[in-house]
Structure formats: C-alpha cells, structure tokens
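# Structural features, examined
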Amino acid sequence: MAADLSTMFTGVRFRNPFLLSSAPPTESESNILRAFDAGWGGVVTKTIGLHPVVNVIGPKTKFLRADADSAHLSMKKRPDTALHSSWNWELISDKTLDWWVPRLGRIKQAFPEHVLVASIMAGSGNDTELRHWQTLATACQDQGCDALELNLSCPHMDRQDMGSNVGKDKELVSIVTHAVKEVARVPVWAKLTPSTTDIVVEARGAFLGGADAISSSNTFTSLPLIDVETLEFEINVDGLVSTGGLGGPAILPLSLAKMSQLTQAFPDRRFSGIGGISTFEHALNYFLLGCGTVQVCTAAMLDHAVGPNVIRELTHGLARFLEKHADKSWRGVDDFVGLLRQRVVAQSAIRRPDEKEYYGGHQTAEGYAAPEEAKVGTE
Ligand SMILES: Cc1cc2nc3c(=O)[nH]c(=O)nc-3n(C[C@H](O)[C@H](O)[C@H](O)COP(=O)(O)O)c2cc1C
C-alpha cells in the first residue's frame, strides 16, 4: 500500500507537501496539468499581474555550472560539470489575468484534489494599486484556487512600488497583505525577499496584515559572471545586463539561514520553504527547521520542465524516511516539523574547547592553518 504523505497546511489538504514554485514550470495550463499528473501535491502559478509585461530579448534564464576538477564556473554547457545555480531576469507572467482566469478554472476541474495556488502581484502605495491586488485575488479564488501567494519578492522589477521593493518595506508588506485579506476567502501566503537585513521585520509586517503563511526564499539578487575571453557578461543584451535572481543549489544554505530566522521568531506560524531543493534530503532540512511544505523551481526546470523525476524522488524519499523512523510513530511531516529549530543558536552559546584541547595537538580543522603557522603570521 502506498504511504500516506498527506498534510494540512494553512487549512488546505495536500496529498504530499511538495509544490512547484511560481516560475516557468507553472507558466501554462499544459505544464500545470503535466505537473499534477507527475505527482506534485500542489503548484504555485507563475505570478499573475494585471498588465502585460515584455521580457528581454534572448535567454531569460541560464544555469551556472562548476567543473569537477577546477574552480572554473561558467554558464557554457560542457561535460563533467555540476550545477551551481540558476540565474534569471524573467519578469512575471507575460499573460494577462483574462488569459489565466478560464485556465485556472479548467485546471481545478481536472484536478480537484490537487492544490492550486495563484501567485499574484500589483503595485502599492495608493488605493488604485491596492484595488488591483484585490481584483487579482478575487478573480483567482472565484476560479477555485485553494490559496493565494503574494509576490512581494521579485528581485528585478524597475518599479519602486513592486516586487522586492515592496518586500523590503515592512509597512507596505503589511498594507498589501491586509488589502488582500479583506477580500480573500482562501489562505494568503506572503512570499518575502531574502534581500533585506532582517527578514523577521518584514515577516512581522506580513503577519500583522493577516498573512496565513510566509514563503521564502525568492531568488537572491546577483549578477552573471564575466567571460574572460569575450569580456562580456555571460548573459547580456547588446553588452548590457541588470541584476537578476540566483536560485538552485548555491542558495540552499543561504535560504535555510533565512528560514531558521523566521521559524525561530514565529514558532507557531506556518512556513513554505523554497531554495535549492532537488532531493528529499534538501527538503528535510526545511521541514526540520519548521516548514510545513516546500517548493521547487530550478531542479524542476532542468528535469523535463516540470520535474517528474524530482517529485518521484521527493515522495519516495519521504516514504522511505517515514518507514525508517517507524519506531517513532511519525505518520507524516507534521510529526517532525521544527524538530531542529532550536539547534540554531548564538555563537556565544556554542561550547568552546578548553586551553589544553585548543592547542593540544589535535588535528587541524580542514581549511585552517595549523596553530604554529597561524602564530608566525601574527608575530
Ligand atoms: C526563471 C525563473 C522565474 C521565476 N519567476 C517567479 C515568479 O514569477 N514569481 C515568483 O514568486 N518567483 C519566481 N521565481 C522564483 C522561484 O519561484 C523560486 O523562489 C526560486 O527560484 C528559488 O527556488 P529554486 O532554488 O528551487 O530555484 C522564478 C525563478 C526562476 C528561476
């Protein structure tokens, strides 16, 4: 009998806690139908706005890879490399709300048991923009969407009142969340940007506005590398580039640090973990730090565009993990969510070796000079 991997998150039942995040894997009806067929418990649609956007000419996303036997990093496709990260400067969906509305309804009819979350984005700072959020929210929930995710985190919007520019302002985060909550009949998740000094501040704003959960992380602001042969950025248009977002393996530890701050500050709240996940091992880190669901983008993009092998590995991994810990009577992720949350402490709370142990001839820690060598440099 197949293991029961189901979970409740913000009042919504998921057949498994694994979602495709808002990105190219969820940009179309056909992709989302394929994703549900493949076994994803839920999807967050590519962010839907009111006005059409136009993306740059040429590639919107590229993948940075590391050579196995050198420190060389490049976006050029070549053998014997490992994925380092994705880099993108793709805007929100280039399809209008009118395009999305009938499709959301059809997807929900075809897969009523799968969770469809609509990611939405508008501006902020005046009543007209706040009404745009409400229009988007109402239209999506009327089609049967199970939850709404507020994109307060896209790192490459020029408009000062959109995306991560909103996510960096705790008051705007709160106001936008509150405006959506006024019309929402379904749970509202706020997707925050990692590009702030203390993400707990913006999270508090979202919860004050009534958010039912926080999703984190969106991509990290970054630049593509310069090709030493051509002296051009590896991704550019007419020699020009702007900052974009880093995702994939490189951001897993960064995003975990943000998540740990969030779950410690709000231990009773709900969190959806995103960033660098491609296996159950990665997802487990987020669960143990306090996330109830997790979301995947880069790994799915590189696996037949919607991640059929990734979701198989995630669900099999969770089933194996539950079986391995059968003696603990863990019946689902909720039984181990947050188990390691309190293990992240201040540096000063970490035990120190005594004098003798410290210089006592123990093996030098990997990456550090031996105590005698370090002394020479300081004399
Ligand atoms: C090409 C691309 C487009 C994206 N578009 C959106 C978007 O429209 N809305 C959004 O909230 N996040 C967007 N994201 C961010 C992802 O949903 C996700 O938060 C991020 O990529 C980190 O997850 P990963 O490490 O699994 O890629 C996009 C990411 C990529 C790579």
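Everything discussed here concerns the structure shown above.
Below, the structure is looked at part by part.

Definitions and limits used
- Residues numbered from 1 in each chain as written.
- Predicted model: local features only at pLDDT ≥ 70, side-chain atom pairs only at ≥ 80, totals over all residues.
- Heavy atoms only, no water.
- Pairing = 2+ DSSP bridges.
- Helix = DSSP H or I, 4+ residues; strand = E, 2+ residues; numbered from the N terminus.
- Axes fitted to C-alpha atoms, helices over the stretch in contact; angles between N-to-C directions.
- Contact = heavy atoms within 4.5 Å.
- Near = heavy atom within 4 Å.
- Polar contact = N/O pair within 3.5 Å; in protein donor to acceptor, adjacent residues only side chain to side chain.
- Areas by Shrake-Rupley, 256 points an atom, 1.4 Å probe, with all protein chains shown as cover.
- 1 Å grid on protein atoms, 1.4 Å probe; cavity = no way out; pocket = protein on both sides within 12 Å on 5 of 7 lines; lining within 4 Å.
- Sits in = over half its atoms within 2 Å of the grid points.
- Nonpolar A, V, L, I, M, F, W, Y, C, P; charged D, E, K, R; others polar.
- Parallel < 35°, antiparallel > 145°, perpendicular 65-115°, else oblique.
- Left-handed = near helix turned anticlockwise from the far one by under 90°.

## Topic: the sheet that holds strand β11 (residues 213-216)
Taken in spatial order, the eight strands of this closed barrel run β3-β4-β8-β9-β10-β11-β16-β17, and their pairing is parallel. The mean angle between the axes of side-by-side strands here comes to 25 degrees, regardless of whether they run parallel or antiparallel. Note that strand β10 (residues 188-192) and β11 share three bridges and pair parallel. Paired with K191 across the two strands is S215, which belongs to β11. Lying on the sheet, helix α1 (residues 29-38) is in contact with β3 (18-20), β4 (42-44) and β8 (115-120); it crosses β4 at an angle near 155 degrees.

## Describing the site of the ligand
Near the ligand you find 23 residues, and of these S22, T47, G248, G276 and T298 are the closest. Contact between the ligand and K191: an oxygen atom at 2.9 Å from a side-chain N or O atom of the residue. Compared with its free state, where it exposes 610 Å², the ligand has 98% of that area covered by protein. If you map the ligand onto the pockets, it falls in the largest pocket. Considering only residue class, the shell around the ligand consists of six nonpolar, 14 polar and three charged.

## Description of the packing of helix α7 (residues 252-265) against helix α8 (residues 280-289)
Two packed helices can be described by the angle between their axes and the distance between those axes. The contact between α7 and α8 brings their axes to 9 Å, and the two run at 15 degrees. Classified by the angle their axes make, α7 and α8 are roughly parallel. For α7 against α8, the interelement crossing comes out right-handed. Touching L252, S255, L256, M259, S260 and T263 of α7 are H282, N285, Y286 and L289, all from α8. A per-class count over the contact of α7 with α8 returns five nonpolar, five polar and no charged.

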